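# Structural overview
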Amino acid sequence: MSKVRVLVGTRKGAFVLTADGKREKWEVSGPHFAGWEIYHLKGSPADPNRIYASQSSGWFGQIIQRSDDGGKTWHQPGTPAGEAAAGPPKSESNKFAYDVSAASGKPLTTHQWYDGTQHPWEFKRAWHLEPSLTDPDTVYAGVEDAALFRSTDGGQNWKELPGLRGHGTGPKWQPGAGGMCLHTIVLDPSNPERIYIAISAAGAFRTDDGGKTWKPINRGLRSQYIPDQDAEVGHCVHHIAMNPKRPGVLFMQKHWDVMRSDNAGDNWTEVSGNLPTDFGFAIDVHAHEPETIYVVPIKSDSEHFPLEGKLRVFRSRTGGNEWEPLTKGLPQKDCYVNVLRDAMAVDSLDKCGIYFGTSGGQVYVSADAGDSWNPIVRDLPAVLSVEVQTLG
Amino acid sequence: MIRLILPPHLRTLAHVSGDVELEVTVPVTQRSVLDALEARYPMLRGTIRDHVTLQRRPFLRFFACEEDLSHELPDAPLPEAVASGKEPFIVIGAIAGG
C-alpha cells in the first residue's frame, strides 16, 4: 500500500503528516524542534528515511538536523542522538563559512545593500536543503546571504561552491524584502552536472559543470523595480519548478509574473494569461502531466493575501496562459493568509496529490490534482515550507 | 568546577536538563568557559558564538554575580565567585518581542 509523508516547516517547529494513498486520514507528529524556525526540511530521493532539516533562530543561529528513520528521531550530523560525550567536536554541521581561499579564485566580499552601498556577505540561515537525487549523503544548502553550499558526508561538513558567488555580477546582487537568500535549488535528473538556483533579488542561475561555473538565466524577465529591463541580474525570482520528466522546461513565479522557459532557462516568456493577479510565491508542476501547473495568486507585493479574501489555487493544463480557479474545499471569504515559496508540493501517486501550507497554519491537500481540497491540519504555526515523500 | 546555566533551547540541543558543570583551565574567562562548553557539547558550537568570527551572538547575554558581563573582553578574568563555582555563569537570551 502506498503512503505519503508530508514534511512541514513552520515558524515554531517541524511537523510530519502521514497518510495512506487515499490521503484521507492523517497522523500528525510534532512539533519537532519546538520553538525554532524550520525554514525547510526535505527527504532524500535515494533513501526516504534520510531527511534533512534546517533549524534556525535569531538567538542561536543555524542548526542542521538529520533523521535516518523517516522523521521519528533527529540528531545533528556527526553527533549521534542523545550523545553528549566528552572529547573534541565531531563535526561542524552548523558551520557555513564562505569560501575565502586563494584556490577558489577571487571570492567576493561585498554585495549591494538596500541603500545602494556595498555590504559584506554575512551568513544568516539556510533557507533550502536539496538532497542529491542519487546519494543520501550529498545535500545542497541555499543560504542567506546568498550562496550555495554542499555536504558530501551527510551534513557533517559544508563547503561553499564559490563559483556562484564568484560570478562577476555579485556586487549587483541585492537583498529582497526577506533578505538576500538563495531559496531555490533544482537538480536536473537527466544531467548530474546541471543545477538551477534562484536568489532574491539577483535572479536565476544555472551551472552545467556541477557547480564550478554559473551563468545568469534571466533573459525575458521584466521587473519594473530595476531601471534596465534587460539587466543580467537584479530580478526578484520567487520560485522555480520543474517536472523531472521534462527537465529542460522550467516554470517560474517571479515577484510579479508567471514565466516559463523551454530551453533550460536561456529564455523566458510570460504565461500569466488570465490570472487575476500574477504576484505570488509558490508554483509547482503536476507529477504526471508536465503542462499542468499550479500557482496561488497573491493580491500584490504590498498586500500579501489572496484577492477578495478568497483562497484560490489556479491551475493551467496548457503550460500557462489559460488558468482555472480551484476553490472546492478552500475558504472563499474572509481569508487573508499567504502561501510562501517553498510551501507547495506534489506527490507522485495517481491521482497526483497537491499540497500547500499557509501563514495561518493550515496545510491543505488535494488528492485529485486540485479539483477538491481538504485541510490536513488547521492550526499549526505559520507554515514556511511543505515537502512530500511518496513511499511504497 | 564552573557552573553554567543555559537557556532552555540550548539545554535541549545539548541533551541536558539542569545546570552544566565544567572543568575549566585557569584563567577562567568567557573564552575558556565557552571553549570548554563547546568541547564537552559540540552540538552547541555556533549557537552562542558565531562559528566563524567567534563573536557573541547579538541576542545573547552573559550574566554572573548580578552583573552583565556581555561586553567584557573574552579573555578578561571572570569573577572569583564564578571561577570557584560559587556563582553560576549564565547564558541568557536577550528580551525581544512586544
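Residues numbered from 1 in each chain as written. Chains lettered and ligands numbered in written order. Predicted model: local features only at pLDDT ≥ 70, side-chain atom pairs only at ≥ 80, totals over all residues.

## Observations regarding the overall build of chain A
Counting its regular elements, chain A contains one helix and 29 strands. Relative to the compact-globule value of 21 Å for 392 residues, chain A shows a C-alpha radius of gyration of 20 Å, a close match. With 392 residues in all, chain A has 51% of them scored as buried. Nonlocal contacts in chain A, meaning residues at least 24 apart in sequence, comprise 51% of its contacts between residues at least 6 apart. (Helix = DSSP H or I, 4+ residues; strand = E, 2+ residues; numbered from the N terminus. Rg over C-alpha atoms; globule rule 2.2 N^0.38 Å. Buried ≥ 20, exposed ≤ 12 C-beta atoms within 10 Å, placed from the backbone. Contact = placed C-beta atoms within 7 Å.)

## Brief notes about the overall build of chain B
The number of helices and strands found in chain B is three helices and five strands. For chain B, the succession of helices and strands along the chain, N to C, is β-α-β-α-β-β-α-β. Here chain B has a C-alpha radius of gyration of 13 Å; the compact-globule value for 98 residues is 13 Å, and the two agree. For chain B, the proportion of its 98 residues judged to be buried stands at 31%.

## Some words on the confidence of the model for chain A
Here chain A shows a mean pLDDT of 94. Residues at 70 or above account for 96%. pLDDT under 50 marks residues 84–88 of chain A. Its contacts with residues more than four places away, or in other chains, come to six contacts. (pLDDT = per-residue confidence, 0-100.)

## Section: helix H2 (residues 30–40) of chain B
Turning to H2(B), its buried residues are B:Gln30, B:Ser32, B:Val33, B:Leu34, B:Leu37 and B:Arg40. Along its buried surface, H2(B) packs onto strand E1 (2–5), strand E2 (20–22), strand E3 (60–64) and strand E5 (89–93) of chain B.

## Section: the pairing of E3(B)
Residues and elements named next belong to chain B. Across four bridges, E3 lies against E5 in antiparallel orientation. Directly across from Phe62, in E5, lies its bridge partner Val91. As paired elements, E3 and strand E4 (residues 67–68) share two bridges and run antiparallel to each other. Within E4, the position partnered with Phe63 by the bridge is Asp68. Adjacent in sequence and paired antiparallel, E3 and E4 are bridged by two residues, among which Cys65 carries a positive phi angle near 50°. (Pairing = 2+ DSSP bridges.)

## Considerations on the sheet that holds strand E22 (residues 293–295) of chain A
All names here are of chain A. Here we have four strands laid out as an open sheet, ordered E21-E22-E23-E24, and antiparallel in their pairing. Two strands lie at the open edges of the sheet, namely strand E21 (283–285) and strand E24 (324–326), each paired on one side alone. Put simply, the sheet's adjacent strands are angled 30° from each other on average, direction ignored. Alignment of E22 against strand E23 (residues 313–316), held across three bridges, turns out to be antiparallel. When the sheet's bridge partners are listed, Tyr294 is paired in E23 with Arg315. (Axes fitted to C-alpha atoms, helices over the stretch in contact; angles between N-to-C directions.)

## Regarding the interface of chain A and chain B
Taken together, the contacts link 21 residues of chain A with 21 residues of chain B. Looking at the side of chain A that touches chain B element by element, the count peaks at three residues for strand E6 (residues 61–67) of chain A.

## A word on the sheet that holds strand E20 (residues 269–270) of chain A
All names here are of chain A. Reading across from one edge, E17-E18-E19-E20 is the order of the four strands in this open sheet, with antiparallel pairing throughout. Lying at the two open borders of the sheet, with one neighbouring strand each, are strand E17 (237–242) and E20. Taken together, the five bridges between E17 and strand E18 (residues 250–254) define a ladder with antiparallel strand orientation. Residue pairing in the sheet places His239 in a bridge with Gln253 of E18.

## Describing unusual backbone geometry
With an omega dihedral of 0°, the bond running from A:Gly30 to A:Pro31 counts as a cis peptide bond. Note that A:Pro31 resides in strand E3 (residues 27–32).

## Quick word on the pairing of strand E29 (residues 383–391) of chain A
Residue and element names in this part refer to chain A. Of all nine residues making up E29, seven are buried, and the element is well covered by its neighbours. Bridge analysis of strand E1 (residues 3–10) against E29 gives eight bridges, and the strand direction is antiparallel. Its bridge partner being in E29, Arg5 is matched across the sheet by Gln389.

## Remarks on the confidence of the model for chain B
Mean pLDDT for chain B: 92, with 97% of residues reaching 70 or above. Interface confidence for the predicted complex, expressed as ipTM, amounts to 0.86; the pTM equals 0.94.

## Some remarks on the environment of A:Ser300
All names here are of chain A. Note on placement: Ser300 falls in the loop between E22 and E23. With 11 C-beta atoms counted inside 10 Å, the residue Ser300 sits in the exposed group. Residues Ser300 and Gln118, 182 residues apart in the sequence, show an inter-C-alpha distance of 29 Å. Contact partners of Ser300, with chain neighbours within four places excluded, come to Thr277 and Phe279.

## Some words on the environment of A:Ser151
Residues and elements named next belong to chain A. Along the chain, Ser151 falls in strand E11 (residues 147–151). Each C-alpha atom of the pair Ser151 and His111 lies 25 Å from the other, and the pair is 40 residues apart in sequence. Contact partners of Ser151, with chain neighbours within four places excluded, come to Thr138, Val139, Gln156, Asn157 and Trp158.

## Considering the environment of A:Gln362
Residue and element names in this part refer to chain A. With respect to the element layout, Gln362 can be found in the loop between strand E26 (354–357) and strand E27 (363–366). Residues Gln362 and Ala19 lie 343 residues apart in sequence; the distance between their C-alpha atoms is 17 Å. Setting aside its immediate chain neighbours within four residues, Gln362 contacts Gly357, Pro375, Val377 and Arg378.

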